Amino acid sequence: MLSACLLTIGLAGCQIDSDPKSELENIKERGVLRVGTLNNQLSYYIGPDGPTGLDYELARQFADALGVKLEMKPAFRQASLFPALQKGEIDIIAAGLSQSPERIQKFRAGPAYYYVSQQVVYKKGQWRPRNLEQLLNTQQELIDKADGEEVFAIVKDSHFEKTLASVANQHPDIRYYVDANADVNDLLKQVSEGKLRFTMADSVELSLSQRIYPDLALAFEMTEDQPISWYMRQSEDESLYALLIEFSANSNKPVSWPI
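Sequence positions are assigned chain by chain, starting from 1 and proceeding in written order. Restriction of local features to residues with pLDDT of at least 70 applies here, the model being predicted, together with a cutoff of 80 or more for giving and counting side-chain atom pairs; totals for whole chains, interfaces and linings are based on all residues. Note that the side-chain values use all heavy atoms of the structure and ignore hydrogens as well as water.

(A) Inspection of the overall build of the protein at higher detail. Assigned secondary structure in the protein consists of 10 helices and 13 strands. Burial status across the protein gives 45% buried among its 259 residues. Whether two residues are in contact is decided by their heavy atoms, any of which lying within 4.5 Å being enough. Within the protein, contacts between residues at least 6 apart in sequence are counted, and of these 77% link residues at least 24 apart. Carbon and sulfur atoms make up 50% of the accessible area of the protein, which amounts to about 13900 Å² in all. Where helices and strands are cited, they refer to DSSP runs of H or I of at least four residues and of E of at least two residues respectively, numbered from the N terminus. Each residue gets one of three labels from its accessible area relative to the maximum for its type: buried under 20%, exposed over 50%, partly exposed in between, using a 1.4 Å probe on protein chains only. The Shrake-Rupley method, run with a 1.4 Å probe sphere, supplies the accessible areas, and residue values consider only the shown protein chains as cover.

(B) Broad picture of the sheet that holds strand β12 (residues 216-221). As summarised here, the arrangement of the three strands in space is β11-β8-β12, forming an open sheet in which the pairing is antiparallel. The open sheet has two free edges, formed respectively by β11 (199-202) and β12, since each of these has just one partner strand. Adjacent strand axes in the sheet meet at a mean angle of 50° when their direction is disregarded. What makes two strands pair is DSSP finding at least two bridges between them. The sheet contact formed by strand β8 (residues 118-123) and β12 spans five bridges and is antiparallel. As a rule, the C-alpha atoms of each element are fitted with a line to give its axis, helices using only the stretch in contact, and angles between N-to-C directions run from 0 to 180 degrees.

(C) The environment of Gly36, seen in detail. For Gly36, the position within the fold is in strand β1 (residues 32-38). In this structure Gly36 comes out as buried when scored by relative accessible area, which is 0%. C-alpha separation for the pair Gly36 and Met72, spaced 36 residues apart in sequence, amounts to 6.2 Å. Residues contacting Gly36, with those up to four places away along its chain left out, are Lys73, Leu81, Ile90, Ile92, Ile93 and Ala94.

(D) Representation of the pattern of salt bridges. Whenever a carboxyl oxygen of Asp or Glu lies within 4 Å of a side-chain nitrogen of Lys or Arg, that contact is scored as a salt bridge. Throughout the structure, instances matching the rule amount to 13 salt bridges. Between Arg77 and Asp186 there is a salt bridge whose closest N-O contact spans 3.8 Å. Here Asp186 lies in helix α8 (residues 184-192) and Arg77 lies in the loop between β4 (69-75) and α4 (81-86), a separation of 109 residues in the sequence. Take Asp186: its relative accessible area is 28%, and that puts it in the partly exposed class. Between Glu102 and Lys162 there is a salt bridge, with its nearest N and O atoms 3.2 Å apart. On the criterion of sequence distance, the pair formed by Glu102 in helix α5 (residues 101-106) and Lys162 in helix α7 (residues 159-170) is long-range, its members being 60 residues apart. For Glu102, a relative accessible area of 33% gives the class partly exposed. The structure contains a network of salt bridges with shared partners spanning Arg30, Arg34 and Asp91.

Everything listed here is a matter of coordinates, which is why it stays silent on function.
Right, here's the structure in full:
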């Protein structure tokens, strides 16, 4: 009977020890909030005085509120952010990503902290399509002039893919290609250098890029304003999400950032 009691106590102890810790408890025990981001002028970059960027500043404030250090983990490509979140390599994605049905179905979106529209971008001095119809009517002529090369490119695994897929349902003749080896900045640079006719960027991203590439310009808007959010894993554990909601609600004075 004594052995049975000891076995029972041992099992109970194992059950207690094996109770999974909440996401918030793990972060506090680790002492670090790991934030996945993109290296660009909006979200995160190393300036003359050190790390800066809108998402960096907000993440720093949130880490301070949690009482832990901040580790920014910039990804080379947007496509690698959600797999890293799914694998538990990062705790949050803070990279200026819009809310979309596909993302919300698989991940938990935080509160919107600004809004953007999706825009078609061209280079000043070249022909400008002022709406989708003009682009469709002229695209084949532009492709022929480019010796058959596509003239419109977007980034893989971006919300632009969903937008253009929707357009293609109504206009099957639209021509574009999805670049798996570039980010938005790469394609904006190609447009500025005349290597690419058109790409798509969020309105805020275009505004910031024009400081580096002043010859970039808006051709036309493809969507209305859309909410931008941080992302977390989808789970029954709401410990971190609840604090993010509280942090957002208590941020009486938004971060000042020149957009």
